[in-house]
Structure formats: C-alpha cells, structure tokens
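In case you want the letters, here they are:
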Amino acid sequence: MFKREADAPIFGPAFQAELDTLFRWRRDVRRFRRDALPSGLLDRLLETANAAPSVGLSQPWRFVTVDDPARRAAVRADFEACNAAALATQDGTRAANYARLKLAGLEQAPCHVAVFVEPDPEQGHGLGRRTMPESVAYSAVIAVHTLWLAARAHGIGLGWVSILDPSRIRTILDVPEAWQLVAYLCIGYPEIDAVTPELERDGWEKRRSISIVAR
C-alpha cells in the first residue's frame, strides 16, 4: 500500500522541465569572475550536498574549504607540475590542442573546496560496502554532483580540478592520512554561460548520444 507524508511534494511538469534544463546547463567551469559569493551561500550549498545519498547512510564525504593564500598557491603549483607532466604524454596535434586548453580556474575562482572521502567511516556500520567498498567513494562523488547542481541553480559555476597529486594535496591541506582526495573544486560566478561543454567548444571531444552509451 502506497503511503506518503502529508508534506511530501508533488513535482509537476513545469518543475520537471526546469530540472531537465538545470541538468543540461550544468557545466564544468574554468573561467570565473572574481566576484565573491553572497555571505553564507557556500555554507548553504555544502549543507545541500550533505543531503546526498550514501551507502549505509555513512556520509563519508569530508569538505575542506581552502581560503589560506599560501595553501592555494601550493595547490596551484602542484597543478602546474601535474599539468606539465600530462602535456608531455600527449602526441602531435593532441599536444598542441592540450596546451591551448584552460583546465583549471584556480587563480580566478573566489572559493576553493577540497572533497575527501573517509574510506572506512564508523557511521553506517559497514552496511552495503563489504562486497563493494568503492561505494564509499562513489557516495562522495554523488555529494559533489549534488553540490554542482545546487550551485548551478544559484547561477554559480563549479570546476572539478583532477590534475593534482592526491598525496601532495592531502599534505598541503593537513588532513588525516587516511582521507582520500575525490575532487578539488573551484566555485564562483562563471565568465561564460553556455549549454555546450567548454571542451567541446574547444574541439577536444564531443558528447556521445544515449544510443551509443546505453545497451
């Protein structure tokens, strides 16, 4: 028998259409304006991310806000070193294309948030992770995606920086050794609002249709 709480919302066609628009306009942003976010908004966005689903209700994500200029500079230096190494692995035309890409908004974005996962959290009592322990990290990724959509709904852009050495970032941010880096996020108002991904606009890759990726 179907039951629902008295205040459970019913999402109609108008909301469903707006939600689909939100999904389609979510972008990985690398070009930011330097304008600060309104006071308290980042905290509210992180609170929304904290409502994401997680295996065994473990909530294994750990958000670290990076405001210290010295730590930000160290993160940028690590990105530059890792990016140079990545460039060296590209051949021919791809190398030239790679060199032209803007792959991080570390200098311009007003907010930096590192997302770690605690791989064996006490919370959740191990439920659901005996056969798939990687589901703990997947839960943190879902929290990142929740944050991404919540930010976009406020007109805020988010860029996921993955060209980093996780162990060095853990040292720079002085977090527990057991924590594993999932994402380093740049957050702020985007310079460009576009429905087409920047990597597609720059000719690096094209999004595949559902007919190719679904079986």
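Scoring rules and cut-offs
- Residues numbered from 1 in each chain as written.
- Predicted model: local features only at pLDDT ≥ 70, side-chain atom pairs only at ≥ 80, totals over all residues.
- Heavy atoms only, no water.
- Helix = DSSP H or I, 4+ residues; strand = E, 2+ residues; numbered from the N terminus.
- Rg over C-alpha atoms; globule rule 2.2 N^0.38 Å.
- Buried < 20%, exposed > 50% of the residue type's maximum accessible area, 1.4 Å probe, protein only.
- Contact = heavy atoms within 4.5 Å.
- Areas by Shrake-Rupley, 256 points an atom, 1.4 Å probe, with all protein chains shown as cover.
- 1 Å grid on protein atoms, 1.4 Å probe; cavity = no way out; pocket = protein on both sides within 12 Å on 5 of 7 lines; lining within 4 Å.
- Points joined across faces, edges and corners; volume = space filled by probe spheres on them.
- Nonpolar A, V, L, I, M, F, W, Y, C, P; charged D, E, K, R; others polar.
- Pairing = 2+ DSSP bridges.
- Axes fitted to C-alpha atoms, helices over the stretch in contact; angles between N-to-C directions.
- Core = buried A, V, L, I, M, F, W, Y, C linked by side-chain atoms within 4.5 Å.
- Phe/Tyr/Trp six-rings, centres within 6.5 Å; stacked < 30°, edge-to-face > 60°.
- Lys NZ or Arg CZ within 6 Å of the ring centre and 35° of its normal.
- Disulfide = S-S within 2.5 Å.

Caption draft 1: Local environment of the overall build of the protein chain. Helix and strand counts for the protein chain come out as eight helices and four strands. Rg of the C-alpha trace for the protein chain: 19 Å, near the compact-globule value of 17 Å for 215 residues, within the 12% margin. For the protein chain, the spread of C-alpha atoms along the three principal axes comes to 60 × 45 × 40 Å. Out of the 215 residues in the protein chain, the part that is buried amounts to 38%. Here the analysis covers contacts within the protein chain between residues at least 6 apart in sequence; of these, 82% occur between residues at least 24 apart. Put simply, the protein chain shows about 13,000 Å² of open surface, and 54% of that area lies on carbon and sulfur atoms.

Caption draft 2: How the structure looks around empty space enclosed by the protein. Applying the stated criterion to the full structure yields two cavities of 30 Å³ or more. Here the largest cavity is characterised by a volume of approximately 90 Å³. What lines the largest cavity is simply Arg27, Asp28, Val29, Arg30, Arg31, Pro190, Glu191, Ile192, Ala194, Glu198 and Arg201. As a volume, the second largest cavity reaches approximately 70 Å³. Taken together, Trp25, Arg26, Arg27, Val29, Trp148, Arg152, Ile156, Gly157, Leu158, Pro190, Ile192 and Asp193 make up the lining of the second largest cavity. Contributing elements (two or more residues each) for the lining of the second largest cavity: α5 (135-153) and β3 (157-161). Along the lines of polarity and charge, the residues of the lining of the second largest cavity split into seven nonpolar, one polar and four charged.

Caption draft 3: Representation of the sheet that holds strand β2 (residues 111-117) within the structure. The strand order across the open sheet formed by four strands is β1-β2-β4-β3, and the pairing between neighbours is antiparallel. Of all strands in the sheet, those bounded by a partner on one side alone are β1 (61-65) and β3. Strand-to-strand, the axes of this sheet are offset by a mean angle of 25 degrees, without reference to chain direction. Helix-sheet contacts for helix α2 (residues 41-49) involve β1, β2 and β4 (180-188), and the interaxial angle to β1 is about 170 degrees.

Caption draft 4: Summary view of the nonpolar core. Core analysis: the biggest nonpolar cluster contains 28 residues, and Leu37, Leu147, Ile156, Leu185 and Ile187 have the highest contact counts within it. Secondary structure elements with two or more residues in this core: α2, β2, α5 and β4. When residues in this core are grouped by element, the largest group, eight residues, is from α5. By size, the runner-up hydrophobic cluster in this structure holds 24 residues, among which are Phe32, Val75, Ile169 and Val175.

Caption draft 5: Representation of the environment of Val113 within the structure. Turning to its location among the elements, Val113 is positioned in strand β2. Setting aside residues up to four positions removed in sequence, Val113 forms contacts with Leu42, Leu46, Phe63, Val64, Thr65, Ala183, Tyr184, Leu185 and Ile187.

Caption draft 6: How the structure looks around the packing of aromatic side chains. One pass over the structure, following the stated rule, counts three aromatic pairs. Note on Phe116 and Trp179: the rings are 5.9 Å apart at their centroids and 45 degrees apart in plane angle, and the pair reads as tilted. Of this pair, Phe116 sits in strand β2 while Trp179 sits in the loop between α6 (166-173) and β4, placing them 63 residues apart in sequence. We note that Phe116, like Trp179, is buried. Positioned above the aromatic ring of Trp148, the side-chain terminus of Arg26 is 4.6 Å from the ring centre.

Caption draft 7: Representation of the state of the cysteines within the structure. By the definition in use, this model includes zero disulfides. Here Cys82 is not disulfide-linked; the sulfur of Cys186 is the nearest cysteine sulfur, at 14 Å.

Caption draft 8: Quick peek at the environment of Lys206. As for its position among the elements, Lys206 is in the loop between α7 (198-201) and α8 (210-213). Residues Lys206 and His145 lie 61 residues apart in sequence; the distance between their C-alpha atoms is 21 Å.

Note that every value here comes from positions in space, so none of it alone points to a role or purpose.
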